[in-house]
Every structure is written in C-alpha cells, then in structure tokens.
Amino acid sequence: MCSGYWTVRHLAELESQLAHLRFPAGALEIDLAAVGRMDTGGALVLQELISTLRQAQHEVQILGLSPKAAGLLELVGRSLEQGGITPVAPQRMLLERLGRGSVAHVHAGIGMLGFIGEIGLAWMRQLLHPGRVRWREVADNLVEAGHRALGIVGLLSFLLGIVIAYQGGVQMRQYGASLFVADLVGLSMVRELAPIITAIIVAGRTGSAYTAQIGTMKVTEEVDALRSMGIPPLELLVLPKLLALIIALPLLTVFADIMGILGGMVMSSVQLDISFSTFIQRIGIAVSLDSFLVGVGKAPVFAAIIATIGCYQGFQVVGSAESVGRRTTISVVQAILAVIVIDAAFSVAFSRLGI
Amino acid sequence: MQHEATVGAEPVVRVTDLGMRFGTKVVHEHIDLDVRQGEILGIVGGSGCGKTTLLREMALLPKPSAGSVQVLGRDIAGLSDAGVAQVRRRVGVLFQNGALFGGLNVLHNVGVPLREHTRLSDPLVDRIARLKLSLVGLSAADGLLYPNQLSGGMRKRAALARAIALDPELLFLDEPTSGLDPVSADAFDALVLDLKQALDPTVVLVTHDLDSLWRVADRVVLLGEGRVLAEGSMQELTSSRDPAVVRFLQGPRGRAAQASA
C-alpha cells in the first residue's frame, strides 16, 4: 500500500523508507491507488523497486495505477532497458596518476619552449618588416599595463619605503648611524625591492588579464576566427602585449624607485629628524649608477617572463569558463615564481661579477 | 483588452500590456498573450523582434519595464524572492546555445537542479539524470562527456534533459532547432512531441523554423514591430490576409514548409 506524492521533491523520504522496508516472501501486491501525483523520478524508483523484487523471485502485481502514471512507468521501463549497463569513469591508481601528471608537466614544458620559439620567429619577421608591428595595440597595452598601474605601484612602494626606513631607523639610531638609513632605503629599493614588487604587482594585474583575455577569446572561437582571416594570433595578441610590457615594466620600476625613496625620506624626517636635503645628498653618494641600472635592467626580463607565461597559459585554455579561471591562477603563480627564481639567479650572477 | 475564452483552466502564462525597453531602445510594447494549459505555443517573428526577450520575461529572467506577467497563476511583480524561486522550480528553460556548465559533464549538468532543489541521495540523482538522458535519446556513455565534446544536436538534447530534470509544468524552448541539420531538427521536433506526451508540460517555443511550427505547435503567435501581429493555428494564420503575416508565412520557405507538413 503506497500513498503520498511520488515526485522528485518528496522522493528523499520515500527513498529512506523503502531502504528500511522488508518484504515477505511470495506474491506481492503494490497498491498505488492512494498515490497523489507521480513524476518520472517517482516512476523510476517504483520501476527499480519492481525489478529488484522480481529478481528476488517475488510475484509482483501493480494495482490502482492511474493511466498517466502507467504511461510514465512504461516509458521509464523502456528507457531503462535501452540504457543498458552504465560505464563508470575509470579509477586511476596513485602510480598511474603520478606518471600521467609527470608526462603532462613535461609536455607543458615542451609546449612553453615551442611557444617561446614561435614568439622569437614572429619577432624576427617583424624586425625584417617593421611596418607590421601593430603600434596601436602596443599603445593600448601600454596605457592599460603601464599608466593604469601607476597608482597601485606608487602606493605600495611608498609604503614599502616607509616600512624599511622605520624598521631600519630604529636599529641604526642605537648605533648613532641614523643617517645610513638613506643607504638602506636607497640600495634595497633600487637594487631589489622596487623591481620585485613591481613585477609581482604586474604579474597579478596584467599577466592574469592577458591569460583571461586570450583564454576567453579561445573559448568563443575568436582566436580561430583570427586565424581563418589570415591574421596570426601571435602577431595581434602576443607581440604587442610583450612589447608593451617590456617598455612599461622598467618605467614602472623607476617610478617605484622614486616613490620608495620618497617614502623613506618622509619617514626619516618624521622619526629621525633627517632633513630632505641631507637625505637626498646621502642617496646620491650611496646609490651608484650601477646599482640603479642593475635594478632597472632586470625589469625587461621580468616583463618578458610575465607576458610570455600569461599569453601561453591563455592559449592553453580549452572549452569552458572554468578552464579560464584555472589557467589564470596557474599563470599568476608561475609568473611570480619565475620572477623570484630569476631574481635570485641575477643576485648570484651579479655578486660573482662584482657589480 | 480581449482574451479569448480559455476552455476549462486558467491560462498557464498570462501576459498583459507588457512593455520592455533597454535604455531608449523599445523592444516591445503593449503585448497581450495567453499560454493555455497543456498547449504547445509557438512564438515567431523576424530576427530582433523581441521573441527571445519575451520568452525570457515569461521565464522570470529580466523584469519587464511595463505591464504584468502571470506565471502558473502568480503575478510576478508581487512575488518575493522566495516566491519567484518557487515558481522557477516548476519551470524549465532550454537556452538557445544550451548554456550547459562547461566545468561539469553532461550527467552532472542534468543533476544540478535535482541536487539544488531536492535532498535525494547522489546515486538516485545520477539514476534520475541518466533516465532523463535516455528520454532525450542520449546514452549513459554520453553522460560522461563534457559540453565542449558534444555536437550541436547532442548539446541541445543535453540541455533539454537538464530543462526537464524536475518534470516542469511549463517548458520554455528558445530556438531548439536552430543550428541543427534538417534530420536532427526533425528528430528534435519528434522528441519534443514525445516528451510532451510523456510528461505533459505546457510548452512555449520560440523559433523561426517554419517546419517546426507546422509539426509541433498547436497555436502560433506572430510578433513584429514590437507587438503581436497575429495569433492562431498555422492553418488560420496562412489563410490570413494581413500583409505582415502573408510576408512571413507565404514566402517561398513558408510555402515549402506548409507543403511538407
């Protein structure tokens, strides 16, 4: 004897009730006269119940079925027969997953190398035909990646300068070496912190945007459309971004240098009573042209890394919005990691060279 | 305004003096329309005449700028968020491009409304989803594919399976046969009729596929110039003398569709 609504909204209770139901041996009658409404979900549960009972050698008879419910039941029965055995997604063992993951990483590395090669070739072509450089796109990207980033880069380096001057100043005052806070702020900002902090901000801000833009264009087949019109996507989408970032990042780094030193200067004057003119004089002595060039010189390399990784990950997007999100994350993480690793390599190289 | 007397039941959807504008662009104005219990209503009209917008308004997606929409006996304007959610649960929508979630395979796509609106166990949700897939003619193996691995026809079928996941009383189909080859389009029409018979929803169908209208629709509404130009069965419309109707239905394509129907 069954009653109530056999619809998907009420099936949850039904499911648990049926799970606890024990059936006596022999012939069974299922009376559905009191069932209010039935939908395909309910019909599925009923059909499954009937086949389990039949498999357990019960005689089953259905009573009180409304014509509509009978139709549904028959429809579900037919579909279940057609459906056959359900394939299950293969389960992979740890070792297999490890192997597949490694192979995928190797392929990704090879793909990245191939991408760098393609960029190199495309660049050569543009050097031979300078008219093909898309200056409009370069200019647009310069505004987006450079000009629009001034605010955040400036603010962060200013604060960084304040923090260094404050932390360093407290220590140095104990030794009566307050004035050397200018050396500390100047050298650390110009050589290391400004290039790194700028590169990290740009990787998060611009590298991610590159991935998302190219990735979305891949999902909507715009990249294929470009190709079919005979426009190499690399020339339109990648080279202008790369070129723009290589120009913008050193400029942003110089700006970060200035703002960082300004922050240190303000803090020193407030906390250590070092006047602006003394501070600037000291900076002039402490920070050599070499140090400045070392810092700014790293920026184009960082820019190339960020833009290349950003664009490459964009082209790796397949299919869906979720893939765009995943690739954007990978792009930012890889770019920041690569920037820091390369910076460490630079430090080692420069100290060997004695710069 | 005049509403034709409906036999027996309240109209499932009643649109009264509906107007929609985006900024200064008027999509349509003064639209009156009833969708009757259990019918398949076709909405046709030229591209850009606001068919899809009208369907979306009836499916409770954008708020109309003027007029009222009653769906399943409730006036949408007066409903709370919870009320709207309740009505939406009884309505299924097939979007033009399927709008399947790219991150989920087909089986899980169909399972989304079930998981969201019921407390069923995962295995049962999967079994119901598989049943719906087989109702729309997809195999269980297809259920493991992701939307970007599907052909156009399969994507429409998968999207239809998701639209009927909760056995809706009201089903909106937006251009179900657009972009399909003639054979798949015919098969899809047959599928809609089959499902109509099995699950008995009221169906609102937006299309400009005239073959589809002849085969599937009980009644047709012709939209144009931002208003309802004509309504009736295809037979009634084809015998109309209204120049706009004649232009739409009596062109070479219209006559070919009529001849094959």
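Residues numbered from 1 in each chain as written. Chains lettered and ligands numbered in written order. Predicted model: local features only at pLDDT ≥ 70, side-chain atom pairs only at ≥ 80, totals over all residues.

## Section: unusual backbone geometry
Thought 1: Positioned with a positive phi, D273 of chain A is a non-glycine residue whose angle comes to about 55 degrees.
Thought 2: By the element assignment, D273 of chain A lies in the loop between helix 9 (233-272) and helix 10 (276-286).
Thought 3: D273 of chain A sits in the exposed class, given 9 other C-beta atoms within 10 Å.
Thought 4: Here the phi dihedral of D167 of chain B falls at roughly 50 degrees; this positive angle occurs in a residue that is not glycine.
Thought 5: Taking the number of C-beta atoms within 10 Å as the measure of exposure, D167 of chain B has 25 and is therefore buried. (Helix = DSSP H or I, 4+ residues; strand = E, 2+ residues; numbered from the N terminus. Buried ≥ 20, exposed ≤ 12 C-beta atoms within 10 Å, placed from the backbone.)

## Some remarks on the packing of helix 3 (residues 106-117) of chain B against helix 5 (residues 152-163) of chain B
Residues and elements named next belong to chain B.
Thought 1: At a minimum axis separation of 8 Å, helix 3 and helix 5 run at an interaxial angle of 25 degrees. One finds that helix 3 runs roughly parallel with respect to helix 5. You can see that helix 3 and helix 5 cross each other, and the crossing is right-handed. Facing V106, N109, V110, V112 and P113 of helix 3, the residues of helix 5 in contact are A158, A161 and R162.
Thought 2: For the contact of helix 3 with helix 5, the class distribution of residues is 6 nonpolar, 1 polar and 1 charged. (Axes fitted to C-alpha atoms, helices over the stretch in contact; angles between N-to-C directions. Parallel < 35°, antiparallel > 145°, perpendicular 65-115°, else oblique. Left-handed = near helix turned anticlockwise from the far one by under 90°. Contact = placed C-beta atoms within 7 Å. Nonpolar A, V, L, I, M, F, W, Y, C, P; charged D, E, K, R; others polar.)

## Concerning the domain arrangement of chain A
Thought 1: Partitioning chain A into domains gives domain 1 (3-83) and domain 2 (95-353).
Thought 2: Taking only C-alpha atoms into account, the centre of domain 1 of chain A sits 64 Å from that of domain 2 of chain A. (Domains from an automatic or database assignment.)

## Looking at the interface of chain B and chain A
Thought 1: Counting from both sides, the interface comprises 23 residues of chain B and, opposite them, 24 residues of chain A.
Thought 2: Put simply, the parts of the chain that give the side of chain B that touches chain A at least two residues each are helix 4 (122-135) and helix 6 (182-199) of chain B.
Thought 3: The class makeup of the residues in the side of chain B that touches chain A is 13 nonpolar, 6 polar and 4 charged.

## Details of the environment of P176 of chain B
Thought 1: Tracing the backbone shows P176 of chain B in the loop between strand 7 (170-174) and helix 6.
Thought 2: Sequence separation between P176 of chain B and N97 of chain B is 79 residues, and the spatial gap between their C-alpha atoms is 8.7 Å.

## What about the domain arrangement of chain B?
Residues and elements named next belong to chain B.
Thought 1: As assigned here, chain B comprises domain 1 (12-90 + 170-261) and domain 2 (93-167).
Thought 2: Taking only C-alpha atoms, the centre of domain 1 and the centre of domain 2 are 24 Å apart.
Thought 3: Within the residue set of the side of domain 1 that touches domain 2, elements represented by two or more residues are strand 7 and helix 6.
Thought 4: Among the elements that make up the side of domain 1 that touches domain 2, the one with the highest residue count is helix 6 (5 residues).
Thought 5: In the side of domain 1 that touches domain 2, the residues fall into 10 nonpolar, 4 polar and 3 charged.

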